[in-house]
Amino acid sequence: MKLNIKNMVCSRCLKVLRQELEQLGIKVSSIELGVLVIDEMAGNHTEIMAKIESVLHTNKFEIIHSPEEVLVEKIKHFLLCKIEEPPLDSTVNLSQILSTEFNHEYKSLSKLFSHFENTTLKKYFIKLKIEKVKQLIQLRQYTFSEIGHLLDYSSVNHLSRQFKEITGESMTEYKNAELANRRPYDEIS
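Calculation notes
- Residues numbered from 1 in each chain as written.
- Predicted model: local features only at pLDDT ≥ 70, side-chain atom pairs only at ≥ 80, totals over all residues.
- Heavy atoms only, no water.
- Helix = DSSP H or I, 4+ residues; strand = E, 2+ residues; numbered from the N terminus.
- Domains from an automatic or database assignment.
- Contact = heavy atoms within 4.5 Å.
- Salt bridge = Lys/Arg side-chain N within 4 Å of Asp/Glu carboxyl O.
- Nonpolar A, V, L, I, M, F, W, Y, C, P; charged D, E, K, R; others polar.
- 1 Å grid on protein atoms, 1.4 Å probe; cavity = no way out; pocket = protein on both sides within 12 Å on 5 of 7 lines; lining within 4 Å.
- Points joined across faces, edges and corners; volume = space filled by probe spheres on them.
- Axes fitted to C-alpha atoms, helices over the stretch in contact; angles between N-to-C directions.
- Left-handed = near helix turned anticlockwise from the far one by under 90°.
- Pairing = 2+ DSSP bridges.

Asker: Lay out unusual backbone geometry in plain terms, naming residues and giving numbers.
Answerer: What you tend to see is this: most non-glycine residues have negative phi, and most peptide bonds are trans. Cis geometry is adopted by the peptide bond preceding Pro87, which originates at Pro86 and carries an omega value of 10°. Looking at where Pro87 falls in the secondary structure, it is placed in the loop between helix H3 (67-84) and helix H4 (94-102). Backbone geometry at Lys60 places phi at a positive 65°, although glycine is not the residue there. Structurally, the position occupied by Lys60 is in the loop between helix H2 (45-58) and strand E4 (62-64).

Asker: Could you give an account of the domain arrangement of the protein, with specific residues and numbers?
Answerer: In terms of domain boundaries, the protein breaks down into domain 1 (1-64) and domain 2 (66-185). Averaged C-alpha coordinates put domain 1 and domain 2 at centres separated by 28 Å. If you look at the interface, domain 1 gives nine residues, while domain 2 gives nine residues. At the surface where domain 1 touches domain 2, the tally comes to one salt bridge. Across the pair Glu117 and Lys6 runs a salt bridge, and its minimum N-O distance is 3.7 Å. Counting residues per element, the side of domain 1 that touches domain 2 draws most heavily on strand E1 (residues 2-6), which supplies three residues. Each residue belonging to the side of domain 1 that touches domain 2 can be placed in one class, and the counts come to five nonpolar, three polar and one charged.

Asker: Which residues make up the layout of surface pockets, and what values do they have?
Answerer: The calculated volume of the largest pocket comes to roughly 580 Å³. Looking at the largest pocket, it is lined by 24 residues, and the ones nearest its centre are Leu88, Leu94, Phe125, Lys129 and Asp152. At the level of secondary structure, the elements contributing two or more residues to the lining of the largest pocket comprise H3, H4, helix H6 (121-139) and helix H8 (156-167). Within the lining of the largest pocket, the residues separate by chemical class into 12 nonpolar, six polar and six charged.

Asker: Explain the environment of Ile166 to me, using residue names and the numbers behind them.
Answerer: Its location among the elements puts Ile166 in helix H8. Sequence separation between Ile166 and His115 is 51 residues, and the spatial gap between their C-alpha atoms is 22 Å. The residues contacting Ile166, other than those within four sequence positions of it, are Ile126, Lys127 and Ile130.

Asker: Which residues make up the environment of Gln135, and what values do they have?
Answerer: Examined against the element boundaries, Gln135 turns out to sit in helix H6. Placed 13 residues apart in sequence, Gln135 and Lys122 show a C-alpha to C-alpha distance of 20 Å. If we ignore the near neighbours within four places in the chain, the residues touching Gln135 are Glu84, Arg182 and Tyr185.

Asker: I'd like a rundown of the packing of helix H1 (residues 11-23) against H2, residues and numbers included.
Answerer: Two elements in contact, H1 and H2, have axes separated by 10 Å at closest approach and are oriented at 145°. Between H1 and H2 lies a crossing whose hand is right-handed. Contact residues: H1 offers Leu17, Glu20 and Leu21, while H2 offers Ile52, Val55 and Leu56. Class assignment for the residues of the contact of H1 with H2 results in five nonpolar, no polar and one charged.

Asker: Outline the pairing of strand E2 (residues 28-32), supporting the account with residue identities and numerical values.
Answerer: Bridge count between E2 and strand E3 (residues 35-38): four bridges; the pairing is antiparallel. Looking across to E3, one finds that Glu32 is bridged to Val35. Linking two consecutive strands that pair antiparallel, namely E2 and E3, is a turn of two residues; a positive phi of about 90° is found at Gly34 within it.

Asker: Help me get a handle on the sheet that holds E2, residues and values and all.
Answerer: Within the open sheet, the four strands sit side by side as E2-E3-E1-E4. Their pairing is antiparallel. The open sheet terminates on both sides in strands that have one partner only, identified here as E2 and E4. Each strand axis lies, on average, 35° off the axis of its neighbour in the sheet, ignoring direction. Helix-sheet contacts for H3 involve E1 and E4, and the interaxial angle to E1 is about 60°.

The following block contains the structure:
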């Protein structure tokens, strides 16, 4: 049985979900971001699904039923992978990358994404980039200019303006703050 799952954003999500399901005696055949495959099991299908949904709900995941939502979740995973593997490629813009990857016009992808996520693809990607900026600032391995370059900002000033617009604080203020207020990727909207 194949289930499409919303809000799976990292390898820890996969590990936790696999462990918790297997503790309940549910055999996970395979698991990857956004997709869970369960071996067919003897027993009451309704009870098994209730257990699966309980584990998903407890961990802030949910089953996706419509093909449109599956596509939106695939777009989110694709963008997360792009962010996790800097430097970003500045030779091709986001609309071209997504159109090619998903074999749809960007306009239709954007409209679909906005419908389900209540934000535009562009704004979502910017928010992902800002969370990555926060992570890179916390690592203290890169200058602000290097971070800007890694995430394909035209200048450190552009990055600084966007960071302040999204977070309400400058990158320096964020760097010097005692508490880093990063958001989990699955909570970005």
